[in-house]
Amino acid sequence: MAEMHFPPEGTHRVSNSTIVYSLIAGFAVGGPLFTLMGISLFASIGILIVSSPLLIILSPLIFSAGFVLAAAVTGFAAAVAMALGGAWAFTKVYCYVRGRRQMGMLGLPDAEEITESGHRVKHWVGNRQQLVQVSRD
């Protein structure tokens, strides 16, 4: 690696021409940036001055348009929910007509199936109790 040599403290002097060239380069780069910043600031202020009265005048229209948009989105969401409910109901009716046994929503048994299985268990337990009593006698 190359070693860096620094002059001793206090002996480093910058020439006047280096200072002038760096100032010229700074103005060459910073000047256009500063100009563009000023132009964009004045353009933003002009747009704000022009649009503020329009926004105040048209605010009832914008507010109403927002309500219409919200109502449309709500209606669309309700239509999707009803379509899904209708498709689910159609599937249940179709499976009932075809005679297929189908689990309820989310793969869980319907309340009817639970009640029916409860009656079967009750009947099975009753039969076992009768068998136990007969065997004891």
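Up top is the structure.
In short, a report on the structure. All residue numbers here refer to positions counted from 1 along the written sequence of the relevant chain. For a predicted model such as this one, the threshold for reporting local features is a pLDDT of at least 70, and the threshold for listing and counting side-chain atom pairs is 80 or more; totals across whole chains, interfaces and linings nevertheless cover every residue. As a convention, hydrogens and water are excluded, and side-chain values are obtained from all of the structure's heavy atoms.

## A short note on a nonpolar patch on the surface
Spelled out, the test is: Candidate patch residues must exceed 30% relative accessible area and have no salt bridge, after which like charges are joined if within 9 Å and Val, Leu, Ile, Met, Phe, Trp or Tyr side chains if within 5 Å. With residues, only the protein chains shown are counted as cover, and all accessible areas are computed by Shrake-Rupley using a 1.4 Å probe. Any carboxyl oxygen of Asp or Glu within 4 Å of a side-chain nitrogen of Lys or Arg constitutes a salt bridge here. Strands are runs of DSSP state E lasting at least two residues, helices are runs of H or I lasting at least four, and both sets are numbered from the N terminus onward.
A cluster of nonpolar residues, Val50, Leu54, Leu55, Ile57, Leu58, Leu61 and Ile62, forms a patch on the protein surface that exposes about 700 Å² of accessible area. Turning to its location among the elements, Leu61 is positioned in helix α1 (residues 16-98).

## Notes on the packing of aromatic side chains
Inclusion rule: For this analysis, a ring pair means two rings from Phe, Tyr or Trp (six-membered ring only for Trp) whose centres lie within 6.5 Å, classed as stacked if their planes differ by under 30 degrees, edge-to-face if by over 60, and tilted for the remaining angles. Throughout this description, buried means an accessible area under 20% of the type-specific maximum (1.4 Å probe, protein chains only), exposed means over 50%, and partly exposed covers the range between.
Tallying each qualifying case throughout the model produces one aromatic pair. When the centroid spacing of 4.9 Å and the interplanar angle of 80 degrees are considered together, the rings of Phe63 and Phe67 count as edge-to-face. Placement of both Phe63 and Phe67 in helix α1 is noted, with a separation of four residues, approximately one turn of the helix. Residue Phe63 is classed as exposed on the basis of its relative accessible area, which comes to 56%. The exposed category is assigned to Phe67, whose relative accessible area is 54%.

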